[in-house]
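Single-letter residue listing:
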Amino acid sequence: MCGIAGVWNVDEAYNVIHDVLLTLQHRGQQSAGVVVNGFRSVKGEGLVESVLTSERYIPGTKGIGHVRYSTYGSLDEIQPITAHTLKGRISVAHNGNIVDADEKRRFIMESGGIFATTLDTEIIIHYFSIAPYENPRESLQWALSRIKAAYSIVVLHDTFLAAARDSFGIRPLFYAKFQDGYIIASEDVALRVLGCEEITEIEPGTVVFFTDNNPPEIVRFAKRDDRFCSFEFVYFARPDSNFYGVNVHEVRKALGRKLYEEHKLQADIVVPVLDSGFSGALGYSQASGIPIEYGLIRNHYIGRSFIMPKNRQDIVRRKLAALNAVLEGKEVLLIDDSIVRGTTMNLIVEMVKEAGAKKVYVGIHSPPVIGPCNYGIDTSRRSELIASQNDIQKLQEYVGANKLVYLSIEGYREVFENCGVRGICMGCFDLNYPV
Ligand SMILES: O=P(O)(O)OC[C@H]1O[C@H](OP(=O)(O)OP(=O)(O)O)[C@H](O)[C@@H]1O
Ligand SMILES: NC(=O)CC[C@H](N)C(=O)O
Ligand code: SF4
Ligand SMILES: [Mg+2]
């Protein structure tokens, strides 16, 4: 997913970008980077707090930043990436994944172009550079209209800051006024944390230019065809974020309620698989009347396991611990948002059984993930998705539960419609992809 940030005409840009990226840390834990005016940068592997320290402060009022969860290219490369072109210096931070990146890189190299990184993101810079215009803004618009998906980006140029979303709006992006300037962020929560009030969701297929002495200028470069990633609502985004004006926590609760409507399991307690399983578990508990309990404790010093590039099992083991006093002798219903690779759930079921639970049921408030994602999630191979290889009986045996239930595709779609979210992608569930 990755988190991106931009600031224009704001005091201590470095510190503001730091704060935005800290709120977006859940979108990428591998590396963090900032570029401020003059194109000076601070980058490093690891979390925001360890990379963007106050000792490394660089002055400036304009800049962009990135937290990375890699989907293309090597793990140790860090965004934003910067290049010199005939049209000026340009730096890009990207959330998403360019679906035809292999072909586009080959096309550029065959025409004599060279790449400084292995990232798909660099293609955007090349297209900017080869665009048949001298004007940098027109060149950017041309580049964006030629790259279909998937991207939400912030671009720092000598003369402007730009923020754009592909025509499907697969990944999110927002901006708001701050001091005498503007801030851009992947999720609106990052803007609200800083006290911004009027927040604008950037429309799919548009680019917003921020320049000195002008209000933001919105330019459409492609027809809008909304296919927002529904998995942002299920797992990626923070519960206090909103997309299309709809709150993530409320959608997760509605998914939990719908799961109860479809599968009325009997249990003594509902236990959320923290963190992202919490809201759905609350929805299930409220609909069923089964009390929600704190049966798994989460270590707050360990991040998300799914977006780690390796050692996921070790991370899950260290991250969650069973609370024996709550679980012993109980029939426990575990609720989680999703099962993707299947790293988490069998370990949790084992833990809960060892803690003395009489029976363990598992409810997942999204449908089985059967298809890869090429839009910014690192699940490009179908073989790594446990539900694409096994039927529900086998999955139940694999996770070791007395019963495993998922939300149906129809139920899932209905919840989004009822919540007022239309034009979603659910390709990894129903194999109906936007591109
Ligand atoms: O089937 P898997 O491949 O294990 O992936 C699914 C699990 O990973 C995610 O949790 P994660 O620990 O990443 O983050 P969270 O703390 O936000 O729940 C998600 O919420 C599931 O629990
Ligand atoms: N998850 C993402 O948004 C990744 C962005 C970009 N494709 C990268 O690998 O750096
Ligand atoms: S395929 Fe799944 S994860 Fe990828 S954009 Fe669509 S809904 Fe989101
Ligand atoms: Mg989880």
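Conventions we followed
Position labels on residues start from 1 in each chain and follow its written sequence. Numbering of ligands from 1 and lettering of chains from A proceed in the order in which they are written. The model is predicted, so local features are restricted to residues of pLDDT at least 70 and side-chain atom pairs to those at 80 or more, both for listing and for counting; the totals for chains, interfaces and linings are taken over all residues. The side-chain values count all of the structure's non-hydrogen atoms but skip hydrogen atoms and water molecules. Helix and strand labels come from DSSP, where a helix needs a run of H or I of at least four residues and a strand needs a run of E of at least two; each type is numbered from the N terminus. Note that the radius of gyration is over C-alpha atoms, with the globule rule given as 2.2 Å times the number of residues to the power 0.38. Relative accessible area decides the class of each residue, using a 1.4 Å probe on protein chains only: under 20% of the type maximum gives buried, over 50% gives exposed, and in between gives partly exposed. Contact criterion: two residues are considered in contact whenever any of their non-hydrogen atoms come within 4.5 Å of each other. The method behind every accessible area is Shrake-Rupley, applied with a 1.4 Å probe, and residues are considered shielded solely by the protein chains displayed. The sign given to each residue is positive for Lys and Arg and negative for Asp and Glu; His and the chain ends receive no count. Every charge is mapped onto a representative atom, which is NZ of Lys, CZ of Arg, CG of Asp or CD of Glu. UniProt positions are given in the numbering used here, feature names are shortened, and annotations may be inferred rather than shown by experiment. In these notes, residues near a molecule or strand are those with any non-hydrogen atom within 4 Å of it. As used in this structure description, the phrase polar contact means that two N or O atoms lie within 3.5 Å; if the pair is within protein, one of them must be able to donate a hydrogen and the other to accept it, and residues adjacent in sequence are counted only when both atoms belong to side chains. Polar here means any residue other than Ala, Val, Leu, Ile, Met, Phe, Trp, Tyr, Cys and Pro, which are nonpolar, and Asp, Glu, Lys and Arg, which are charged; Gly is therefore polar. Here the arc refers to the directions that run from the helix axis out to each C-beta atom. Being paired, for any two strands, means DSSP has found at least two bridges between them. To obtain each axis, a line is fitted to C-alpha atoms, and for helices this fit is confined to the stretch in contact; angles are then taken between N-to-C directions over 0 to 180 degrees. Working definition: rings of Phe, Tyr and Trp (its six-membered ring) pair if their centres are within 6.5 Å, and the pair is stacked with planes under 30 degrees apart, edge-to-face with planes over 60 apart, and tilted otherwise.

Engineer: Please provide a residue-by-residue account of the overall build of the protein chain, values included.
Structural biologist: Within the protein chain one finds 16 helices and 23 strands. On C-alpha atoms alone, the protein chain measures out to a radius of gyration of 22 Å, which is about the 22 Å that the 2.2 N^0.38 rule sets for 435 residues. Projected onto the principal axes, the alpha-carbon positions of the protein chain cover approximately 70 × 40 × 40 Å. Taken over 435 residues, the protein chain has a buried fraction of 61%. In the protein chain, 68% of the contacts between residues at least 6 apart in sequence involve partners at least 24 apart. Here the protein chain has roughly 17,000 Å² of accessible surface; of this, 48% comes from carbon and sulfur atoms. Each charge class in the protein chain was averaged separately, 46 positive and 52 negative side chains, and the resulting centres sit 3 Å apart.

Engineer: How would you explain the UniProt feature "domain: Glutamine amidotransferase type-2" (unreviewed entry) in the protein chain if you had to name every residue and give the values?
Structural biologist: Under the UniProt annotation, the feature "domain: Glutamine amidotransferase type-2" (unreviewed entry) is placed at residues 2-213. The span residues 2-213 is 24% helical and 32% strand by assignment, and the distance between its end C-alpha atoms comes to 31 Å.

Engineer: Tell me about the UniProt feature "binding site: [4Fe-4S] cluster" (unreviewed entry) in the protein chain, and please be specific about residues and values.
Structural biologist: On the UniProt side, "binding site: [4Fe-4S] cluster" (unreviewed entry) is annotated at positions that read Cys229, Cys373, Cys425 and Cys428 here. These residues run over 200 residues, yet every pair of their C-alpha atoms falls within 10.4 Å of each other. Relative to the helices and strands, Cys229 resides in strand β14 (residues 228-229). Discounting residues that sit within four places of it in the chain, Cys229 has contacts with Ile170, Arg171, Phe236 and Cys425. Structurally, Cys373 is set in the loop between β21 (359-364) and α13 (386-389). Taking relative accessible area as the criterion, Cys373 reaches 10% and is therefore assigned buried. Dropping the residues within four chain positions of it, Cys373 is found in contact with Arg171, Thr379 and Ser380.

Engineer: Would you mind going over the site of ligand 1 in detail, with residue names and values included?
Structural biologist: Every one of the 18 residues lining ligand 1 counts as a neighbour, but Ser276, Lys319, Asp336, Asp337 and Thr344 are closest to it. Contacts to ligand 1 include Asp275, whose backbone N or O atom sits 3.1 Å from an oxygen atom. In isolation ligand 1 exposes 500 Å². Once the protein is present, 97% of that is buried. Tallied by class, residues from the shell around ligand 1 come to five nonpolar, six polar and seven charged.

Engineer: Outline helix α14 (residues 392-399), supporting the account with residue identities and numerical values.
Structural biologist: Among all positions of α14, only Leu395, Gln396 and Val399 are buried. In an axial view of α14, the angular spread of the buried residues amounts to 100°, which keeps them on one side of the axis. Directly after α14, the chain includes Gly400, whose backbone phi takes a positive value near 80°.

Engineer: Before we move on, could you go through the sheet that holds strand β11 (residues 199-201) and cite the residues and values that matter?
Structural biologist: Pairing is antiparallel in the open sheet, where seven strands are placed in the order β3-β2-β4-β1-β10-β9-β11. Every interior strand has two partners, whereas the edge strands, β3 (40-45) and β11, have only one. Geometrically, the sheet is characterised by an average inter-axis angle of 10° between neighbouring strands, direction not taken into account. Bridge analysis of strand β2 (residues 31-36) against strand β4 (residues 63-68) gives six bridges, and the strand direction is antiparallel. Bridge pairing links Ala32 to Val67 in β4. Sheet strands in contact with helix α1 (residues 13-23) are β1 (3-8), β2, β3, β4, β9 (174-178) and β10 (181-185), and its direction is about 150° off that of β1.

Engineer: If you had to explain the site of ligand 3 to someone new, which residues and values would you point to?
Structural biologist: Of all residues adjacent to ligand 3, which total 13 residues, the nearest are Arg171, Cys229, Cys373, Cys425 and Cys428. For the shell around ligand 3, the elements supplying multiple residues, two or more each, are α7 (230-236) and α16 (427-430). Within the shell around ligand 3, the residues separate by chemical class into ten nonpolar, two polar and one charged.

Engineer: Describe the packing of aromatic side chains, naming the residues involved and giving the relevant values.
Structural biologist: Inspection of every chain in the model, using the stated rule, returns 21 aromatic pairs. When the ring of Tyr175 is compared with that of Phe210, the centres are 5.3 Å apart and the planes differ by 80°; the resulting orientation is edge-to-face. Residue Tyr175 is located in strand β9, and its partner Phe210 is located in strand β12 (residues 206-210); the two are separated by 35 residues in the primary sequence. A relative accessible area of 9% means that Tyr175 is categorised as buried. Exposure remark for Phe210: the relative accessible area of 1% places this residue in the buried category. When the ring of Phe228 is compared with that of Phe243, the centres are 4.8 Å apart and the planes differ by 50°; the resulting orientation is tilted. Residue Phe228 is found in strand β14, and its partner Phe243 is found in strand β15 (residues 242-243); the two are separated by 15 residues along the sequence. Each member of the pair, Phe228 as well as Phe243, carries the same accessibility label: buried.

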